[in-house]
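Each chain, written out:
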Amino acid sequence: MTGAPWWRSGVVYQIYPRSFADAGPGGAGRPGVGTLEGIRRHLDHLVWLGVDALWLSPFYRSPMADFGYDVSDHCDVDPTFGTLADFDRLLADAHDRGLRVLIDWVANHTSDQHPWFVDSRSSPRSPRRSWYLWRDPAPGGGPPNHWRAAFGGGGGDGGGEVPAWTLDPASGQYYLHLFLPEQPDLDWSHRPVVEALHDVLRFWLDRGVDGFRADAIHAIGKDPALADGPDDLAGQPRSSTNDHPSTHEHLRELRTLLDGYPGERVMVGEVYLLDTAKVAPYYGDGDELHLAFNFPPLFTPWDVGAWRSRLAEVERHLHPVGAWPTWVLGNHDNPRPRTRFGSEARARAAAFLLLGLQGTAFLYAGDELGLEDAEVGPEEAVDPGGRDGCRAPIPWDASPGHGWAARPWLPWPPGPDLRNVASQRQDPGSVLHLHRRLLAARRASPALRLGDLEVLDAPEGVLAWSRVHAADRRTVAVNFTGAPRPVPLDGDGWVVEVASDGAGEGRPWSGRLGADQAVVLAPG
Ligand code: GLC
């Protein structure tokens, strides 16, 4: 074995608890909404699939204005999802099965129903007034600056249309919210806020969690002058541009806190700055985030040139500073890869990017089934950010209820009769089995898990790369075109270990990729 921490080689499976699984007939929670017990009941399936860790989106007490990303108590489970005892049981059962558990930590803001904000809003003289960012109106009236909120306006998730400030008529002051008005921003320059959020981390670390996905972490440090940037004036949501040096001081403290616990605890930060060069500093000198999401690939179309650029950016900006990359092709905020890339063949090939490039992979539940986004009509839409489609429930089997005891909170993704877990488990040719084979290949190969990456010369439309770790080698090739492509390789004796369509696995490499096909090749 190599000495690398688990989170470098691991594959983290993201669960959106509302949509994953309910607790079964007569189970606790709200009908049609997933629970922690529902997750626990499916742990054996996730072991069968072969992921290393789970990341749970928020399950804390919340009025659900942003479906849990508006937290009103960071240290308790919302009754919708179960109880703290359910969480402890889930954690223990996951650990028994060798699965790590990361949880979401929402530190930039709270719910407007959080007792801290209720207190803060109660009076300008409240002891908690300075926990949030209250300001007088601009001279002449109106919001204190031009910062825009992430959601609001047209109902899409683009944001930038409404101010990031809401007036509190009682005091005549505005409070800052980079997201919904129901999500007021905490003031991290105020020491008691820092201490309180550290205590939240300790609460869960003491319970045994393996780490955190830190929500909107690049946003916690704010320019004390709250000055406009050029992007704010262009109508960009501030949540995608806020990049203040004070955040790095906070991250160093957070790193010290986590690393003070035994057992390779990890913090992966949502650094929603859509530029890899801007993400790199959030790793510090190995003393800030352990991992940071690098989102440009998530917004990259099915185009070989665009993907080459993304790889080059990782090589240019992350590699020199020793920052271990992350790969994300789907999450609860964006259309699924199957929907974005337009075909199942491409979604299958995309899995080789996610799991075959160098870095920690984050697989969003349902992408391993090749699910498409649900069609959510206006009468069924519930998310203020327009993200319902990718949050459709997971169909567990082909029965009319697809394994749920009640009709779920959102419509099914297309084709649940076939695109469900049970049917795909029975079909060795399914997208699910492809992911299982890829995960097994990755687990068995130090080169795929940890190896250096070198992009190889390849014919037009093909991205090919080698992975090497000590004596272990793999070659991965992805055909981005709808036509077959020859891919000659140096050295003889390559064998197809995994193919996106299953063709030729275990046989010598033919030197030719099919349309939209991807392969992992192993030395023969
Ligand atoms: C992050 C989450 C998103 C949430 C937002 C506000 O971007 O991924 O779902 O709405 O933060 O907490």
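None of the values given here were measured: they were computed from a predicted structure.

## Topic: the packing of aromatic side chains
Phase 1 of the analysis: Overall, the coordinates contain 25 aromatic pairs when judged by the stated rule.
Phase 2 of the analysis: Considering the side-chain rings of phenylalanine 20 and tryptophan 396, the 5.2 Å spacing of their centres and the 90 degrees angle between planes classify their relative orientation as edge-to-face. You can see phenylalanine 20 sitting in helix 2 (residues 17-20) and its partner tryptophan 396 sitting in the loop between strand 13 (360-364) and helix 14 (421-426), a full 376 residues away along the chain.
Phase 3 of the analysis: A relative accessible area of 1% means that phenylalanine 20 is categorised as buried.
Phase 4 of the analysis: When the ring of tyrosine 272 is compared with that of phenylalanine 295, the centres are 5.6 Å apart and the planes differ by 55 degrees; the resulting orientation is tilted. Of the two residues, tyrosine 272 sits in the loop between strand 10 (266-269) and helix 10 (276-279) while phenylalanine 295 sits in the loop between strand 11 (291-292) and helix 11 (304-318), which places them 23 residues apart along the sequence.
Phase 5 of the analysis: Through a chain of ring-to-ring contacts, the aromatic side chains of Trp55, Tyr272, Phe293, Phe295, Phe299 and Phe362 assemble into a single cluster.
Phase 6 of the analysis: When the ring centre of tryptophan 409 is taken as origin, the NZ or CZ atom of arginine 18, which lies over that ring, is 4.4 Å away.
Phase 7 of the analysis: Taking NZ or CZ as reference, arginine 425 lies 4.0 Å from the ring centre of tryptophan 48, over its face.

## Focus on the packing of helix 7 (residues 191-207) against helix 9 (residues 246-259)
Phase 1 of the analysis: Where helix 7 contacts helix 9, the two axes come as close as 11 Å, and the packing angle between them is 30 degrees. Comparing their axes, helix 9 and helix 7 come out roughly parallel. With respect to the hand of their crossing, helix 7 and helix 9 are arranged in right-handed fashion. Counting all contacts with helix 7, which are made through Arg191, Val194, His198, Leu201, Arg202 and Leu205, the residues of helix 9 involved are His250, Glu253, Leu254, Leu257 and Leu258.

## Re helix 13 (residues 344-356)
Phase 1 of the analysis: For helix 13, built from 13 residues, the straight-helix expectation of 18 Å at 1.5 Å per residue is met to within 8% by its first-to-last C-alpha distance of 18 Å.
Phase 2 of the analysis: With ten of 13 residues buried, helix 13 is to be regarded as a mostly interior element.
Phase 3 of the analysis: What helix 13 keeps buried is the set Ala347, Arg348, Ala349, Ala350, Ala351, Phe352, Leu353, Leu354, Leu355 and Gly356.

## Digging into the packing of helix 5 (residues 84-96) against helix 7
Phase 1 of the analysis: It is the contact of helix 5 with helix 7, at a shortest axis distance of 11 Å, that shows an interaxial angle of 55 degrees. Judged by the inter-axis angle, helix 5 sits oblique to helix 7. Contacts between helix 5 and helix 7 involve Leu84, Phe87, Asp88 and Leu91 from the first element and Phe203, Trp204 and Arg207 from the second.
Phase 2 of the analysis: Of the residues that constitute the contact of helix 5 with helix 7, the class distribution is five nonpolar, no polar and two charged.

## Here we look at the site of the ligand
Phase 1 of the analysis: Taken together, 13 residues lie near the ligand, and Asp66, Asp215, Glu270, His332 and Asp333 sit nearest.
Phase 2 of the analysis: The contact in question runs from an oxygen atom of the ligand to an N or O atom on the side chain of aspartate 215, over 2.8 Å.
Phase 3 of the analysis: In terms of residue class, the shell around the ligand is built from three nonpolar, three polar and seven charged.

## Concerning the sheet that holds strand 8 (residues 173-176)
Phase 1 of the analysis: Spatially, three strands are ordered 6-8-7 in an open sheet, and the strand pairing comes out antiparallel. The two strands at the open ends of the sheet, each matched to only one other strand, are strand 6 (134-135) and strand 7 (165-168).

## Description of the domain arrangement of the protein
Phase 1 of the analysis: Partitioning the protein into domains gives domain 1 (6-111 + 197-439) and domain 2 (452-523).
Phase 2 of the analysis: Centre-to-centre separation of domain 1 and domain 2, based on C-alpha positions: 29 Å.
Phase 3 of the analysis: Both sides of the domain 1 and domain 2 interface together cover about 1800 Å² of buried area, and 66% of this is carbon and sulfur.
Phase 4 of the analysis: Ranking the residues of domain 1 by area buried against domain 2 places Val304, Arg308 and Phe352 at the top, with a combined share of 31%.
Phase 5 of the analysis: At the surface where domain 1 touches domain 2, the tally comes to seven residue pairs in polar contact (both at pLDDT 80 or more).
Phase 6 of the analysis: Contributions of two or more residues to the side of domain 1 that touches domain 2 are made by helix 11, helix 13 and helix 15 (431-444).
Phase 7 of the analysis: A total of seven residues in the side of domain 1 that touches domain 2 trace back to one element, the largest contributor, which is helix 13.
Phase 8 of the analysis: Residue composition of the side of domain 1 that touches domain 2, by class: eleven nonpolar, two polar and five charged.

## Regarding the sheet that holds strand 14 (residues 452-456)
Phase 1 of the analysis: Taken in spatial order, the five strands make up an open sheet running 14-15-16-20-18, and their pairing is antiparallel. Since the sheet does not close on itself, it has two edges, and those belong to strand 14 and strand 18 (494-499), each with one partner. Averaged over all pairs of adjacent strands, the angle between their axes in this sheet comes to 25 degrees, without regard to strand direction.
Phase 2 of the analysis: Across five bridges, strand 14 lies against strand 15 (residues 462-469) in antiparallel orientation. When the bridges of strand 15 are listed, valine 455 appears paired with tryptophan 465.
Phase 3 of the analysis: The strands that helix 15 touches are strand 18 and strand 20 (518-523); relative to strand 18, the one it contacts most, it runs at about 130 degrees.

## A look at unusual backbone geometry
Phase 1 of the analysis: The backbone of glutamate 264 sits at a positive phi, close to 55 degrees, despite the residue not being glycine.
Phase 2 of the analysis: Its relative accessible area of 36% is what places glutamate 264 among the partly exposed residues.
Phase 3 of the analysis: Even without a glycine there, the phi angle at histidine 402 is positive, about 50 degrees.
Phase 4 of the analysis: Relative to the assigned elements, histidine 402 resides in the loop between strand 13 and helix 14.
Phase 5 of the analysis: Owing to a relative accessible area of 3%, histidine 402 belongs among the buried residues under this scheme.

The rules behind the values
The numbers attached to residues start from 1 for each chain and follow its sequence in the written order. At least 70 in pLDDT is required for a residue's local features to be given in this predicted model, at least 80 for side-chain atom pairs to be given and counted, and no such filter applies to totals for whole chains, interfaces and linings, which use all residues. With hydrogens and water excluded, all non-hydrogen atoms of the structure serve as input to the side-chain values. Put simply, two rings from Phe, Tyr or Trp (the six-membered ring, in Trp's case) pair if the centres are within 6.5 Å, and we call them stacked under 30 degrees between planes, edge-to-face over 60, tilted for the rest. By definition, any uninterrupted DSSP run of H or I lasting at least four residues is a helix, any uninterrupted run of E lasting at least two residues is a strand, and each is numbered from the N terminus. Think of it in three bands: with a 1.4 Å probe and only protein chains considered, a residue is buried below 20% of the maximum accessible area for its type, exposed above 50%, and partly exposed in between. Placement of a charge over a ring requires the Lys NZ or Arg CZ to be within 6 Å of the ring centre, with the centre-to-atom vector within 35 degrees of the ring normal. A fitted line through C-alpha atoms represents every axis, and for helices the fit uses only the stretch in contact; the resulting angles, taken between N-to-C directions, go from 0 to 180 degrees. When describing relative orientation, an angle under 35 degrees is termed roughly parallel and one over 145 degrees roughly antiparallel, while 65 to 115 degrees is termed roughly perpendicular and anything else oblique. Whether a crossing is left-handed or right-handed is set by the direction in which the near helix is turned from the far one by less than a right angle, anticlockwise for left-handed and clockwise for right-handed. Contacts: residue pairs with any heavy atoms within 4.5 Å of one another. Expected helix span is given by 1.5 Å per residue-to-residue step, counting one fewer step than there are residues. For this classification, the nonpolar set comprises Ala, Val, Leu, Ile, Met, Phe, Trp, Tyr, Cys and Pro, the charged set comprises Asp, Glu, Lys and Arg, and every other residue, Gly included, is treated as polar. Any residue with a heavy atom positioned within 4 Å of a molecule or strand is treated as near that molecule or strand. N or O atoms closer than or at 3.5 Å make up a polar contact, with two conditions inside protein: a donor-capable atom paired with an acceptor-capable one, and, for residues adjacent in sequence, both atoms drawn from side chains. Two strands are counted as paired when DSSP detects at least two bridges linking them. The split of the chain into domains comes from an automatic or database domain assignment. Defined in terms of a 1.4 Å probe, buried area is the accessible area two parts forfeit on being brought together, summed over both.

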